[in-house]
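Each chain, letter by letter, is given below.
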Amino acid sequence: MHMIKEIKAKHIELFRDQPLLIRAPGRINLIGEHTDYNEGFVLPAAIDKEAVFAIQFNKLSTFRFYAFDLEQYFETEQIKPAPKEFHWANYLLGVLAQFEKQGTQIKGVDCVFGSNIPIGAGLSSSAAIECGFAIGLNEILQTGFSDFKLVQMAQKAEHEYAGVLCGIMDQYASVFGKKNHVIKLDCRSNTHQYFPFGMKNYVIALADTKVKHDLASSAYNQRRIECENGVQFLKNKGHKINALRDVSQELIESYKYKLDPAVYKRCHYIIKENKRVQNACIALEKNDFNKFGILMYDSHNGLKNEYEVSCNELDLLVDLTKNMDYVYGSRMMGGGFGGCTINLIRKGEELRFKDLVTKEYLYETGISPNVYFVKISDGGNILRK
Ligand code: GLA
């Protein structure tokens, strides 16, 4: 609540006008990594860490933005990428560009925003900024875009103004999140099903490696290409498929020695990971958190050995939990090469988990990790006072 008041006060101080207030959350992903851009399944949820916005029109034909946490002001008259030192403004400009592309006339807009989503931790702080701003613009401009349209526009903003060819998971979760539920999102039909994820007996702990290796965005785009190559290869062999979603394990295995070895591994991982999401949902319905946890560990193994997007720090954090009998599952989360692991742990063991992870990780790497305990929250919305 505090942050909202501060953001609003800053807006009034800078722009002398009553703003509209909006919030949009970051996300976690329980399982289903890198499957979204392969038309597969993911299981994300919105969390109680969020970005908050105060926005309003101005009569100046200028876009005036203030990043509360960085204490940086940026203004421009043009909707085009901002200079490097104001790269944060690109998330807002990227969204404005999408509204413009839809034929919306936009004059000037003022926006103050802040966030308590850790940056670079793989919790999609950028998606929260894009989605919150899109929700706000949709309201003040009265454009009436559907929630899903806003999700797509936010995703496009990331592609075109941040240069990451992300899938749809992060923006979808930030908009469609539901308190105490995970979202089983089908990234082919772009429809979802909520599964209750009451945390009476369990806690979700995020352990932040506090590293972000340079490879992250180049490797991300590279993985996409490798998956597309796999699909193209199978199409050329006459198989009627559109995406890895359509490929069975038997089919991919029958080409094991004909495919490029890296492409084979990527495809094999995606096919297995899609299955894991399905199985994880069955486990959830049965309240079988042991099974759910095993699937998380399997997911990590695949990400490490087949998809090759993990790193030593993430592996270390996952390995540490293997000796903790109160941890059900642990795996790297998000794009990879740094950021957080997500851990499902027994309630009441939070302190023990935090102490041990902190001590051991610090000992091995010299870095003191951050450990967060998160709750599952609602997706982005307008705050009516
Ligand atoms: C990033 C992307 C998502 C998704 C994950 C990996 O978070 O933004 O679309 O691909 O990586 O699952």
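Residues numbered from 1 in each chain as written. Predicted model: local features only at pLDDT ≥ 70, side-chain atom pairs only at ≥ 80, totals over all residues. Heavy atoms only, no water.

Caption draft 1: View of the environment of Ile119. For Ile119, the location among the structural elements is in the loop between β6 (108-115) and α3 (125-140). The exposure class of Ile119 is exposed, given its relative accessible area of 76%. In the structure, Ile119 is positioned 57 residues away from Phe176 in sequence and 21 Å away in space, judged by C-alpha atoms. (Helix = DSSP H or I, 4+ residues; strand = E, 2+ residues; numbered from the N terminus. Buried < 20%, exposed > 50% of the residue type's maximum accessible area, 1.4 Å probe, protein only.)

Caption draft 2: Representation of the sheet that holds strand β8 (residues 191-196) within the structure. With antiparallel pairing, the three strands of this open sheet are ordered in space as β2-β7-β8. Of all strands in the sheet, those bounded by a partner on one side alone are β2 (41-42) and β8. Most of the contacts of helix α5 (residues 169-176) go to strand β7 (residues 181-186), to which it runs at about 135 degrees, and overall it touches β2, β7 and β8. (Pairing = 2+ DSSP bridges. Contact = heavy atoms within 4.5 Å. Axes fitted to C-alpha atoms, helices over the stretch in contact; angles between N-to-C directions.)

Caption draft 3: Representation of the domain arrangement of the protein within the structure. When cut into domains, the protein gives domain 1 (2-196 + 378-382) and domain 2 (202-374). Each of domain 1 and domain 2 was reduced to a C-alpha centroid, and the two centroids are 26 Å apart. Each side of the interface is counted separately: domain 1 has 35 residues, and domain 2 has 43 residues. On the domain 1 side of the contact with domain 2, Ile31, Glu33 and His34 bury the most area, a combined 20% of that side's loss. At the boundary of domain 1 and domain 2, one finds three salt bridges. In this structure, the connection of domain 1 to domain 2 is made through 19 residue pairs in polar contact (both at pLDDT 80 or more). Considering only residue class, the side of domain 1 that touches domain 2 consists of 16 nonpolar, 10 polar and nine charged. (Domains from an automatic or database assignment. Buried area = accessible area lost by both parts, 1.4 Å probe. Salt bridge = Lys/Arg side-chain N within 4 Å of Asp/Glu carboxyl O. Polar contact = N/O pair within 3.5 Å; in protein donor to acceptor, adjacent residues only side chain to side chain. Nonpolar A, V, L, I, M, F, W, Y, C, P; charged D, E, K, R; others polar.)

Caption draft 4: Representation of the site of the ligand within the structure. Taken together, Arg27, Glu33, His34, Asp36, Tyr37, Cys166, Gly167, Met169, Asp170, Tyr220, Gly334 and Gly335 make up all the residues around the ligand. Contact distances for the ligand include 2.6 Å between an oxygen atom and a backbone N or O atom of His34. When isolated, the ligand has an accessible area of 310 Å², and the protein chains bury 92% of it. At a threshold of 2 Å from the grid points, most atoms of the ligand map onto the largest pocket. Considered class by class, the residues forming the shell around the ligand number four nonpolar, four polar and four charged. Two domains share the shell around the ligand, each providing at least three of its residues, namely domain 1 (2-196 + 378-382) and domain 2 (202-374). (Near = heavy atom within 4 Å. Areas by Shrake-Rupley, 256 points an atom, 1.4 Å probe, with all protein chains shown as cover. 1 Å grid on protein atoms, 1.4 Å probe; cavity = no way out; pocket = protein on both sides within 12 Å on 5 of 7 lines; lining within 4 Å. Sits in = over half its atoms within 2 Å of the grid points.)

Caption draft 5: Layout of the packing of aromatic side chains. Applying the stated criterion to the full structure yields 16 aromatic pairs. Measuring from ring centre to ring centre gives 6.0 Å for Phe65 and Phe133, while their planes differ by 85 degrees; the resulting arrangement is edge-to-face. Of this pair, Phe65 sits in strand β4 (residues 63-67) while Phe133 is found in helix α3, placing the two residues 68 residues apart along the sequence. Classification of Phe133 as buried rests on a relative accessible area of 0%. Ring centres of Tyr202 and Phe289 lie 3.8 Å apart, and the angle between their planes is 20 degrees; on these two criteria the pair is classed as stacked. Here Tyr202, found in strand β9 (residues 202-212), pairs with Phe289, found in helix α9 (residues 289-305); they are 87 residues apart in sequence, far enough to count as distant. For Tyr202, a relative accessible area of 13% corresponds to the buried category. Taking relative accessible area as the criterion, Phe289 reaches 6% and is therefore assigned buried. Taken together, the aromatic side chains of Phe53, Phe74, Phe86, Trp88 and Phe113 make up a single cluster linked through ring pairs. Seen from the ring of Phe41, Lys184 lies directly overhead, with NZ or CZ sitting 5.0 Å from the centre. (Phe/Tyr/Trp six-rings, centres within 6.5 Å; stacked < 30°, edge-to-face > 60°. Lys NZ or Arg CZ within 6 Å of the ring centre and 35° of its normal.)

Caption draft 6: Seen up close, the sheet that holds strand β3 (residues 44-58). If you trace the six strands from one edge of the open sheet to the other, you get β5-β4-β6-β3-β1-β13, paired in mixed fashion. With one partner strand each, in any of the chains shown, β5 (72-76) and β13 (381-383) form the two edges of the open sheet. For this sheet, the mean inter-axis angle between neighbouring strands, taken without regard to orientation, is 25 degrees. Against the sheet, helix α1 (residues 2-15) touches β1 (20-29), β3, β4, β5, β6 and β13, its axis set at about 150 degrees to β6. Against the sheet, α5 makes contact with β1 and β3, and its axis sits at roughly 125 degrees relative to β1, the strand it touches most.

Caption draft 7: Expanded view of the nonpolar core. One finds Ile28, Phe65, Phe133 and Phe197 to be the most contacted residues of the largest nonpolar core, which totals 87 residues. Counting the residues that make up this core, at least three belong to each of domain 1 (2-196 + 378-382) and domain 2 (202-374). Every residue in contact with Phe197, bar those within four places of it in the chain, is listed here: Leu30, Asn180, His181, Val182, Ile204, Leu284, Phe289, Phe292, Leu344 and Ile376. Grouped together as the second largest cluster of nonpolar side chains are 46 residues, Val203, Val263, Leu317 and Phe353 included. (Core = buried A, V, L, I, M, F, W, Y, C linked by side-chain atoms within 4.5 Å.)

Caption draft 8: Representation of the packing of α3 against helix α4 (residues 147-162) within the structure. As a packed pair, α3 and α4 sit with axes 9 Å apart at the nearest point and diverge in direction by 130 degrees. In this view, α3 runs oblique relative to α4, as classed from their interaxial angle. The handedness of the crossing between α3 and α4 comes out as right-handed. Here α3 contributes Ser126, Glu130, Cys131, Ala134, Ile135 and Asn138 to the contact with α4, which in turn contributes Leu150, Ala154, Ala157 and Glu158. Within the contact of α3 with α4, the residues separate by chemical class into six nonpolar, two polar and two charged. (Parallel < 35°, antiparallel > 145°, perpendicular 65-115°, else oblique. Left-handed = near helix turned anticlockwise from the far one by under 90°.)

Caption draft 9: View of the pattern of salt bridges. Enumeration according to the criterion identifies 17 salt bridges in this entry. A salt bridge links Glu13 to Lys10; the nearest nitrogen and oxygen atoms lie 3.3 Å apart. On the criterion of helical spacing, the pair formed by Glu13 and Lys10 is a turn pair, its members being three residues apart in helix α1. Overall, the relative accessible area of 46% leaves Glu13 in the partly exposed class. As a salt-bridge pair, Glu349 and Arg346 come within 3.5 Å of each other at their nearest N and O atoms. A relative accessible area of 13% places Glu349 in the buried class. Of the residues examined, Arg346 reaches a relative accessible area of 31% and is grouped as partly exposed. When salt bridges that share partners are traced, they join Arg223, Glu226, Lys265, Arg266 and Glu308 into one network.

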